[in-house]
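What the coordinates show
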Amino acid sequence: MVPQWRLRARFAQELSTMYGHEVPAYTTLVEVSEQVNRDVVERDGAGAQRLGSIGRITAERHGAIRVGTPIELGQVARVFGALGMHPVGFYDLRDAASSSVPVISTAFRPIDADELARNPFRVFTSMLTPADPRFFTPELRARLETFLAGRQLFGPELLELADRAERDGGLDEPDADNFLRLAVQAFELSGEPVDRAWYAELEKVSAVAADIGGVRSTHINHLTPRVLDIDELYRRMTDRGIAMIDEIQGPPKWHGPDVLLRQTSFRALAEARIMREPDGTVGTGSLRVRFGEVEARGVALTPAGRARYDTLLVEVDRRLAASGGVRAEVAADVWAKGLPDTEAGLREADLAYFSYAVSPARPGGPPPGTLPELVEQGWVTATPIVYEDFLPRSAAGIFQSNLSAEGTRDTSQEAVAYDQDWLAGAVGRDIHDPFALYAAQQAASVTKITTQLGTPEVS
Ligand code: OOG
Ligand code: NI
């Protein structure tokens, strides 16, 4: 029996190999990331692995895919369910970018600490919103929905194997091979001709809408290795002559602990695609939608920490608008004033999540009654819990910086409201709240230390 976590690890690996063949610059990105990680481990020693073992980080990837309908999203959920990946978080990107990005999203990922340690593969999954009249007229919506209803992204054999893997907790070896082959195939770029006029019509509204609804299949949009020093990675890629997007998204480079998620990418590359012209002839054209991205992860923030992060983002924008300057410099300054610059500071202000463990080198006598004292006096250690999710504004920035055109939007129309419950109904599964997952992990570690130390309760 191949357990789900092994299926997940193999899927991530095989998808990465496939994508490397399709987009060779991605392979360069992986190689440069691995070099940077080796250098950081050499430079910083054990400290480099505070947010995950080098083994986990080297294998770590996230992917991004885009689908068109709730039915397709429900099928995606079955394929990822087989791999022990569950929907976490709700992201509405429709208003997060100035370009036209008519999607709502969730991320499929493992949710238990041990499963994340085994392999944390996650996929940011977006679904088109044809019902939003700001982007689609009723007439275009109807044609788009008919087009989407007439395609099949995942075949019955794949879905049947997926359901079995989820139900039984894995698959036997031959079924596992078969399942993984079909699953990887479902995300390969299709050789089927693209209807150029249909694609172009959607592209006028939104390049993302065309990428999703202009073709009869789906594909992996990008894959993202994790790197321990993203500023160094950005420099090395640029030195190799690879065009990167203008900025690193998310928190700035600063002297404090790594928090949340920093991301950047190389620009989407032109790829040859077979096109069917309006007169019926078939020829080659090219589309520019796929890229490679890289990320650096830090500690997960509590709701209070996240609110602080959002405030700092607004403050950076405000200062840039008011007095100009270089974003990275303004941001570093705003952060230095706005956030504690040590793990202990973040912990004591309850801004970030930590996992506690009894220290083998603890002193004797009765332990103190509060967590800060237990940590300060060497009774317990506090290890940052890694942020495993995404950031809506960064995600919108990644979408936007890789679009060939802005698209259009009719702001006189009323937006259709979507929320996490609506999406949960569409996927047919509960959507986990990321904060609840981190809080539960922290609370479980606290319960464990109180039991081990024999203290009634700590505050
Ligand atoms: C998804 C963009 C979001 C991220 O890392 O924030 C994303 C997409 O381009 O489909 O992957
Ligand atoms: Ni991404």
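As the structure is a computational prediction, the values presented were derived from the model and not from experiment. (Residues numbered from 1 in each chain as written. Chains lettered and ligands numbered in written order. Predicted model: local features only at pLDDT ≥ 70, side-chain atom pairs only at ≥ 80, totals over all residues. Heavy atoms only, no water.)

1. Things to note about helix 13 (residues 327-338)
Counted only if it meets this: Only runs of H or I of at least four residues qualify as helices and only runs of E of at least two qualify as strands under DSSP, and these elements are numbered from the N terminus. One less than the number of residues in a helix, times 1.5 Å, gives the span that helix is expected to have. The contact criterion used is simple: two residues touch if any of their non-hydrogen atoms lie within 4.5 Å.
Its 12 residues give helix 13 an end-to-end C-alpha distance of 16 Å, which sits within 8% of 16 Å, the value for a rise of 1.5 Å per residue. Each element contacted by the buried residues of helix 13 is listed here: helix 12 (303-323).

2. As for the site of ligand 1
Heads up, the rule is: Here a residue is near a molecule or strand as soon as one of its heavy atoms is found within 4 Å of it. We define a polar contact as two N or O atoms separated by no more than 3.5 Å, with the added condition that, inside protein, one atom must be a possible hydrogen donor and the other a possible acceptor, whereas residues neighbouring each other in sequence contribute only through side-chain atom pairs. Only the protein chains shown count as covering a residue, and every accessible area follows the Shrake-Rupley method with a 1.4 Å probe. Here the nonpolar group is Ala, Val, Leu, Ile, Met, Phe, Trp, Tyr, Cys and Pro; Asp, Glu, Lys and Arg are the charged ones; every other residue, Gly included, is treated as polar.
The local shell around ligand 1 consists of H62, A64, R66, F124, N221, H222, Q263, E293, F390, A395 and F399. H62 is positioned such that a nitrogen or oxygen atom in its side chain is 3.0 Å from an oxygen atom of ligand 1. With respect to ligand 1, the side chain of N221 contributes an N or O atom lying 3.5 Å from an oxygen atom. Notes on ligand 1: free accessible area 320 Å², of which the protein chains cover 100%. Listed by contribution, the elements that provide at least two residues to the shell around ligand 1 are strand 2 (61-67) and helix 16 (392-401). Looking at which element gives the most residues to the shell around ligand 1, the answer is strand 2, with three residues. Per-class residue counts for the shell around ligand 1 are five nonpolar, four polar and two charged.

3. Brief notes about the domain arrangement of the chain
What counts, and what does not: Boundaries between domains were set according to an automatic or database domain assignment. Buried surface area refers to the total accessible area, computed with a probe of radius 1.4 Å, that the two partners give up upon joining, counted for both partners together. A side-chain nitrogen of Lys or Arg and a carboxyl oxygen of Asp or Glu constitute a salt bridge if their distance falls within 4 Å.
Split into domains, the chain comes out as domain 1 (2-299 + 388-428) and domain 2 (305-382 + 445-453). Between domain 1 and domain 2, the C-alpha centre-to-centre distance is 30 Å. Listed as interface residues are 16 residues of domain 1 and, on the opposing side, 19 residues of domain 2. Surface buried jointly by domain 1 and domain 2 totals about 1400 Å² across both partners, of which 65% is contributed by carbon and sulfur atoms. Interface area lost by domain 1 to domain 2 is led by P252, W254 and R393, which between them contribute 36%. Here domain 1 and domain 2 share three salt bridges between them.

4. Brief notes about the pairing of strand 11 (residues 354-358)
Spelled out, the test is: Exposure categories follow from relative accessible area, calculated using a 1.4 Å probe and restricted to protein chains: below 20% of the type maximum is buried, above 50% is exposed, and the middle band is partly exposed. Paired strands, in this sense, are two strands between which DSSP finds at least two bridges.
Of the two faces of strand 11, only the one carrying F354, Y356 and V358 is buried; S355 and A357 on the other face are not. Pairing of strand 11 with strand 12 (residues 380-384) involves five bridges; the strand directions are antiparallel. Within the sheet, the bridge partner assigned to S355 lies in strand 12 and is T383.

5. Examining the coordination of the nickel ion (ligand 2)
Which entries qualify depends on this criterion: Any N, O or S atom lying within 2.8 Å of the metal counts as a donor, with the limit raised to 3.2 Å for Na, K and Ca; because water is left out of the atom set, some sites can appear incomplete.
Note on the nickel ion (ligand 2): its protein donors are H62 (NE2), H222 (NE2) and E293 (OE). The metal-donor distances range over 2.1 to 2.2 Å. Mapping the donors of the nickel ion (ligand 2) onto the primary sequence gives the spacing H-x159-H-x70-E. Taken together, the positions of H62 in strand 2 and E293 in strand 10 (residues 282-297) put the pair 231 residues apart, joining distant regions of the chain.

6. Section: the pattern of salt bridges
This structure, assessed with the given rule, holds 48 salt bridges. With its nearest N and O atoms 2.8 Å apart, the salt bridge here joins R94 to D92. R94 sits in the buried class, given a relative accessible area of 3%. With a relative accessible area of 25%, D92 lands in the partly exposed category.

7. Description of the packing of helix 12 against helix 13
Applied cut-off: With axes taken as lines fitted to C-alpha atoms, and helix axes fitted only over the stretch in contact, angles between N-to-C directions fall between 0 and 180 degrees. Put simply, angles under 35 degrees are roughly parallel, angles over 145 are roughly antiparallel, angles from 65 to 115 are roughly perpendicular, and the rest are oblique. Here a crossing is called left-handed whenever its near helix is offset anticlockwise from the far helix by less than a right angle, and right-handed whenever the offset is clockwise.
The contact between helix 12 and helix 13 brings their axes to 9 Å, and the two run at 135 degrees. With respect to their mutual orientation, helix 12 and helix 13 come out oblique. Note on packing geometry: the crossing formed by helix 12 with helix 13 is right-handed. Residues R308, Y309, L312, E315, V316, D317, R319 and L320 of helix 12 form the contact with helix 13, whose participating residues are R327, V330, A331, D333, V334, W335, K337 and G338. Looking at the contact of helix 12 with helix 13, its residues break down into eight nonpolar, one polar and seven charged.

8. Quick word on the environment of G280
Within the secondary structure, G280 sits in the loop between strand 9 (261-276) and strand 10. On the basis of relative accessible area, G280 is assigned to the partly exposed category, the value being 43%. With 186 residues separating them in the primary sequence, G280 and R94 have C-alpha atoms 35 Å apart.

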